[in-house]
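Residue-level structural notes
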Amino acid sequence: MKLPLRYNLRSLVERKTRTAMTILSIATAIFLSIMMVALSRGLVETTRATGSPLNVIVLSQGAESMEFSAIDAEIVHHLQALSGQPLVSAQAYISTFVAIGGVEKRGVVRGLHATTALGIHDNARLLEGRLPNRGFELAVGNLAATKLGVAPSALAIGQAVDFEGQSWTIVGRFEAPNTILDSELWADVDDILLATKRSDYSAVMLRTKDAKAAGDILFALALRTDIRVGARAEREYYGVKARAMEPLRSVALVMTLMLVLGGILAGMNTMFTSISGRTREMGVLLVLGYHRRAVLFSFMLESLAMCLAGGLVGCTAGLLLNGLPMKIPMGVFRFVVDAQTLAMAMALAAFIGIVGALVPVLRVARLSVVAALRD
Amino acid sequence: MTLIALEKISKSYKKGDTTITPLDGVDLEVDEGAFLALMGPSGSGKSTLLNLVAGIDRPSAGKVIVAGQDITRWSEDRLADWRTRAVGYVFQQFNLMPVLTAFENVELPLLLLPMSRAQRKKQVLTALELVGLLDRAGHYPRQLSGGQEQRVAIARAVATDPQIILADEPTGNLDRESATEVMNLLVGLNAELGKTIVIVTHDALVSAYASRKLHLDKGELVEASA
Ligand SMILES: Nc1ncnc2c1ncn2[C@@H]1O[C@H](COP(=O)(O)OP(=O)(O)O)[C@@H](O)[C@H]1O
Ligand SMILES: [Mg+2]
């Protein structure tokens, strides 16, 4: 089955503006689709990746989240007494308004102990300065400035910010790539309790030796009627939070579908005009001896080539998104664009090309040679 | 020797309630090497008859026999393959591909045949030389005059060296001078290369070039005195 490929290629080139416009609209649809997927994946995966497999998080009974949990000092002592865990750290977790240069921004502050912070949050490491000690000191996450919407220089070491009626001096900067820790502010836990006039901690983090030890401690805590807490693996804690964001994925999916539909319409419109305008040329190709299937297929290829070009442009633009931070009310996340997403995007572009050409191609498919020539 | 034979060919079209029958039991034999002009008023079925011979239309009844083979029952693809090698078709509106150069237009049917690139190029250039347009090989149809376009179309029709050339009012869109050029070309194809030619026209001046003339009217074919 010989195809008049040069004819098809030239036809695309001849209609430069139209072809370029179509490629552009397909590229836009593909780019936006990638953005939607990268956004939802960034959200869900960043949240999920925050949990360490060796950590157990203890909240007050019935609490689903650190923000709504209160653990008193007595329970912390009980948990410390449960021997065998390398690290036990009580934390206070608050969402509060942080005043930077007189402007208030909503930020998330985690109170912890400098001595155990990096042992428990093993996905974090210090970039410069040191971890906060008592005396209203602060270490800032690498994406905290983005989260707060301020210039990185505003959170440089030596700068001071205000919240909960105190002035806090920045003494260090840490990173915890692809986790939500990256957009947090860290302070000493006792300073946080002092500033917020609280006596209850938000949670107790237990660092275990291995996964088995983590399971054992969860089992042991479940049996203890004297320590009434809600404990779970940190992985599970963030897994639940990630799952709570799944509806966002559906939103992303619906928006992607709409974009694809728009792409199909754009492609269909172009191919419709293009193919309808060349019905007679199809007739001539048939008279010359080209097979009908070959001619129709070559029209499909034209559309496919155009859409794959659009897909390539969209993917290239999409790839530039990878790793870029984005700020949404839930925090700061990085776009995740991987090979799988790009492959899906190209498949989508191909789908647009095929479906877009199908209607106009089927319209001329049944036309007799004579009828095509009369067009 | 008979090359093309139509046996009791009928063709009718249904238009709403009415049925029109441009061809009604037509018989025709065309000898190998003939130059036949098919005349008749507009709408008399000349194009229809030509299309039946080319295998791009099918009769309602009767047989079209070319070189001893009944082509009426062939599939569309088989007809297409046969047409590539055996039939060159020249249209009234030239029907060159506007996006391709003269060279590429002539090459189009040759791409369907198994041959080396060099061989193909040779055949394209031979055909273009035959119609006197070697110097216009790289030109696009829009850069050519009507007469030149039709000559490129003739080069395309003869590129695969078919035995039969069918031309449907090939001079209908041309001025007198270009028409003469085109007719001289067709005469040469017939006289020097032995092509069997069937040309549709309603121009008496054009039909004067033919060695045999037929009139089609009211579904019937009548031999005209030469
Ligand atoms: N596809 C078709 N559908 C309906 N009528 C047709 C079709 N093709 C040709 N006809 C009719 O058949 C008759 C002969 O057409 P045609 O062979 O083109 O005539 P000519 O070439 O002699 O002018 C005309 O009346 C024309 O309207
Ligand atoms: Mg006609």
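Since we're looking at a predicted model, the values are computed, not measured.

Across the contact, 22 residues belong to chain A and 27 residues belong to chain B. Buried area between chain A and chain B, summed over both chains or domains, comes out near 2300 Å², and the portion from carbon and sulfur atoms is 57%. By the criterion of area lost to chain B, the three top residues of chain A are Arg10(A), Val287(A) and Leu288(A), representing 24% of everything that side buries. Viewed at the interface, chain B and chain A are joined by 6 salt bridges. For Arg292(A), the salt bridge is made with Glu76(B), and the minimal N-O distance between the two is 2.8 Å. Joining chain A to chain B, the criterion identifies 12 residue pairs in polar contact (both at pLDDT 80 or more). Among the elements of the structure, helix H1 (5-14), helix H10 (279-288), helix H11 (292-321) and helix H13 (369-374) of chain A are those that each provide at least two residues to the side of chain A that touches chain B. If one sorts the elements of the side of chain A that touches chain B by residue count, H10(A) sits on top with 7 residues. Residue composition of the side of chain A that touches chain B, by class: 11 nonpolar, 3 polar and 8 charged.

A separate point is the sheet that holds strand E5 (residues 69-70) of chain B. Residues and elements named next belong to chain B. Across the sheet, 4 strands lie side by side as E2-E1-E4-E5; this open sheet has antiparallel pairing. Pairing within the sheet leaves two strands with one partner each, and these edge strands are strand E2 (18-31) and E5. With 9 bridges connecting them, strand E1 (residues 2-15) and E2 associate as antiparallel partners. The residue of E2 that forms the bridge with Lys11 is Leu23. In the packing of helix H1 (residues 46-54) onto the sheet, contacts are made with E1, E2 and strand E4 (61-66), and the angle to E1 comes to roughly 125 degrees.

Our next topic: helix H6 (residues 176-193) of chain B. Residues and elements named next belong to chain B. For H6, which comprises 18 residues, the first-to-last C-alpha distance of 25 Å matches the rise-based estimate of 26 Å (1.5 Å per residue) to within 8%. What H6 keeps buried is the set Ser178, Ala179, Val182, Met183, Leu185, Leu186, Gly188, Leu189 and Asn190. Structurally, H6 contributes buried residues whose contacts are with strand E3 (35-39), helix H4 (117-130), helix H5 (146-158), strand E7 (164-168), strand E8 (196-200) and helix H7 (204-207). One side-chain oxygen at the N-terminal end of H6 lies 3.1 Å from the backbone nitrogen of Glu177; it belongs to Asp175. The positive-phi residue at the C-terminal boundary of H6 is Gly194, with phi of around 70 degrees.

What surrounds ligand 1 is a group of 13 residues, the closest being Arg374(A), Gly43(B), Lys46(B), Ser47(B) and Thr48(B). Neighbouring residues of ligand 1 are distributed over chains A and B. Here an oxygen atom of ligand 1 and a backbone polar atom of Ser44(B) are 3.2 Å apart. At 3.0 Å from an oxygen atom of ligand 1 is found a main-chain nitrogen or oxygen belonging to Gly45(B). Within the complex, 75% of the 560 Å² of free accessible area of ligand 1 lies under protein. One can see that ligand 1 is located within the largest pocket. Among the secondary structure elements, those contributing two or more residues to the shell around ligand 1 are E1, E2 and H1 of chain B.

Residue and element names in this part refer to chain A. Each assigned domain of chain A is listed with its residue range as follows: domain 1 (5-48 + 245-374) and domain 2 (55-207). Distance between the C-alpha centres of domain 1 and domain 2: 47 Å. Each partner contributes residues to the interface: domain 1 has 9 residues there, and domain 2 has 10 residues. When the two sides are added together, the surface that domain 1 and domain 2 hide from each other amounts to roughly 800 Å², 60% of it contributed by carbon and sulfur. Summed over the three residues of domain 1 that lose the most area to domain 2, namely Thr46, Val332 and Arg334, the buried surface amounts to 59% of that side. Where domain 1 touches domain 2, the interface holds 0 salt bridges. At the boundary of domain 1 and domain 2, one finds 1 residue pair in polar contact (both at pLDDT 80 or more). Among the elements that take part in the side of domain 1 that touches domain 2, strand E12 (residues 331-334) stands out by supplying 4 residues, more than any other. Considered class by class, the residues forming the side of domain 1 that touches domain 2 number 4 nonpolar, 3 polar and 2 charged.

The rules behind these values
Residues numbered from 1 in each chain as written. Chains lettered and ligands numbered in written order. Predicted model: local features only at pLDDT ≥ 70, side-chain atom pairs only at ≥ 80, totals over all residues. Heavy atoms only, no water. Contact = heavy atoms within 4.5 Å. Buried area = accessible area lost by both parts, 1.4 Å probe. Salt bridge = Lys/Arg side-chain N within 4 Å of Asp/Glu carboxyl O. Polar contact = N/O pair within 3.5 Å; in protein donor to acceptor, adjacent residues only side chain to side chain. Helix = DSSP H or I, 4+ residues; strand = E, 2+ residues; numbered from the N terminus. Nonpolar A, V, L, I, M, F, W, Y, C, P; charged D, E, K, R; others polar. Pairing = 2+ DSSP bridges. Axes fitted to C-alpha atoms, helices over the stretch in contact; angles between N-to-C directions. Expected span 1.5 Å × (residues − 1). Buried < 20%, exposed > 50% of the residue type's maximum accessible area, 1.4 Å probe, protein only. Near = heavy atom within 4 Å. Areas by Shrake-Rupley, 256 points an atom, 1.4 Å probe, with all protein chains shown as cover. 1 Å grid on protein atoms, 1.4 Å probe; cavity = no way out; pocket = protein on both sides within 12 Å on 5 of 7 lines; lining within 4 Å. Sits in = over half its atoms within 2 Å of the grid points. Domains from an automatic or database assignment.

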